[in-house]
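Results of the structural survey
Here is what each chain is made of, one letter per residue.
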Amino acid sequence: MDKTPCNSPQDVEVRKGPWTMEEDLILINYIANHGEGVWNSLAKAAGLKRTGKSCRLRWLNYLRPDVRRGNITPEEQLLIMELHAKWGNKWSKIAKHLPGRTDNEIKNYWRTRIQKHIKQAHSFQSSTASGICHDHNQMSEQAASSSSCQISYTMDPMETYSSPPNNNLDAFTVPLPPTDNSNENYWSMEDLWSMQLLNAE
């Protein structure tokens, strides 16, 4: 004799995908009359072929009367950044300090907006720092190359000097001009003769 299997609650087909307007009205009216409760029991009692988690997320993120619509304001963004720096990814805890905002909304905003900008800023700072170091290294190399060129082409004046032959320094004695107060600008014969005698010694 064949036994007909009885339908258990687990055998009830669970709907997936987008919520319909009729499902939203059923959930809103049930919670308005009975309040929130255990979500798995609520889904069955309301006659919704949805999981308790799906009902909870639909209510908290979309159907709640106090859900705040519209873009997150700059003040809310600053508060999210401040609370995230304090608590990390505790979105439910953060959402309690932003009335009307859901934890799911805050989490999505953080990952798509704030975290993206933070990563871009870090990458820009890293590229800028590496560029500055590269330019500094190039300038250092150019300075080192320039100073080496200066050193190679700079010569000591004493290296080009050679003493006169036979160490006869008197032969290079510069004759002094006449010491008298005459207005003549040329050498006299006596001066030339004295120079010749001096050089002949």
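As a starting point, this report considers the structure included with it. Since the model is a prediction, treat every value here as computed from it, not as a measurement.

The number of helices and strands found in the protein chain is seven helices and zero strands. Mapped in sequence order, the helices and strands of the protein chain form the string α-α-α-α-α-α-α. Looking at the protein chain residue by residue over its 201 residues, the buried ones come to 19%. Put simply, 47% of the contacts in the protein chain that link residues at least 6 apart link residues at least 24 apart. When the accessible surface of the protein chain is totalled, it reaches about 16400 Å², and 56% of it is carbon and sulfur.

The relative placement of two packed helices comes down to the angle between their axes together with the axis-to-axis distance. The interhelical angle for the contact between helix H1 (residues 21–34) and helix H3 (residues 52–63), taken along N-to-C directions, is 85 degrees, at an axis separation of 11 Å. Relative to H3, the element H1 is oriented roughly perpendicular. Contact residues: Asp-24, Leu-27, Ile-28 and Ile-31 in H1; Cys-55, Arg-58, Trp-59 and Leu-63 in H3. Class assignment for the residues of the contact of H1 with H3 results in six nonpolar, no polar and two charged.

Below, the discussion takes up the side chain of Asn-61. Secondary-structure assignment places Asn-61 in helix H3. Excluding anything up to four places from it in sequence, Asn-61 contacts Val-67, Arg-69, Thr-102, Asp-103 and Asn-104.

This paragraph deals with the pattern of salt bridges. Taken as a whole and judged by the stated rule, the model has seven salt bridges. One salt bridge in this structure joins Asp-66 and Arg-64, with 3.5 Å as the shortest N-O distance. For Asp-66, a relative accessible area of 45% translates into the label partly exposed. With its nearest N and O atoms 2.9 Å apart, the salt bridge here joins Arg-101 to Glu-105. Accessibility expressed as a relative area gives 3% for Arg-101, which makes it buried.

Okay, the environment of Asn-89 next. Here Asn-89 lies in the loop between helix H4 (74–87) and helix H5 (91–95). Expressed as a C-alpha distance, the spacing of Asn-89 and Lys-107, which sit 18 residues apart in the sequence, is 7.9 Å.

On to a positive patch on the surface, then. Together, Lys-86, Lys-90, Lys-93 and Lys-96 make up a region of like positive charge exposed at the surface. Of note, Lys-96 is situated in the loop between H5 and helix H6 (103–153). Since its relative accessible area comes to 70%, Lys-96 is described here as exposed.

Mapped onto the elements, His-84 comes out in helix H4. Apart from the residues lying within four places of it in its own chain, the contact partners of His-84 are Asn-89, Trp-91, Ile-94 and Trp-110.

Another aspect to go through is the environment of Ser-92. The residue Ser-92 is located in helix H5 in this model. The spatial distance from the C-alpha of Ser-92 to the C-alpha of Lys-107 is 9.2 Å, given a sequence separation of 15 residues. A polar side-chain atom of Ser-92 sits 3.1 Å from a polar atom in the side chain of Asp-103.

In total, this model carries one aromatic pair according to the counting rule given. Summarising the aromatic geometry, the rings of Trp-91 and Trp-110 are spaced 6.3 Å apart at their centres and angled 50 degrees between planes, so their arrangement reads as tilted. Highlighted residues: Trp-91 in helix H5 and Trp-110 in helix H6, separated in sequence by 19 residues. Per residue, the accessibility class of Trp-91 equals that of Trp-110, and both read buried. Between Arg-58 and the ring centre of Tyr-62, over which it is positioned, the NZ or CZ distance is 5.0 Å.

Definitions and limits used
- Residues numbered from 1 in each chain as written.
- Predicted model: local features only at pLDDT ≥ 70, side-chain atom pairs only at ≥ 80, totals over all residues.
- Heavy atoms only, no water.
- Helix = DSSP H or I, 4+ residues; strand = E, 2+ residues; numbered from the N terminus.
- Buried < 20%, exposed > 50% of the residue type's maximum accessible area, 1.4 Å probe, protein only.
- Contact = heavy atoms within 4.5 Å.
- Areas by Shrake-Rupley, 256 points an atom, 1.4 Å probe, with all protein chains shown as cover.
- Axes fitted to C-alpha atoms, helices over the stretch in contact; angles between N-to-C directions.
- Parallel < 35°, antiparallel > 145°, perpendicular 65-115°, else oblique.
- Nonpolar A, V, L, I, M, F, W, Y, C, P; charged D, E, K, R; others polar.
- Salt bridge = Lys/Arg side-chain N within 4 Å of Asp/Glu carboxyl O.
- Patch = residues over 30% accessible without salt bridge, like charges linked within 9 Å, V, L, I, M, F, W, Y side chains within 5 Å.
- Lys, Arg positive; Asp, Glu negative; His and termini not counted.
- Charge placed at Lys NZ, Arg CZ, Asp CG, Glu CD.
- Polar contact = N/O pair within 3.5 Å; in protein donor to acceptor, adjacent residues only side chain to side chain.
- Phe/Tyr/Trp six-rings, centres within 6.5 Å; stacked < 30°, edge-to-face > 60°.
- Lys NZ or Arg CZ within 6 Å of the ring centre and 35° of its normal.

Keep in mind these numbers describe shape, not what the thing actually does.
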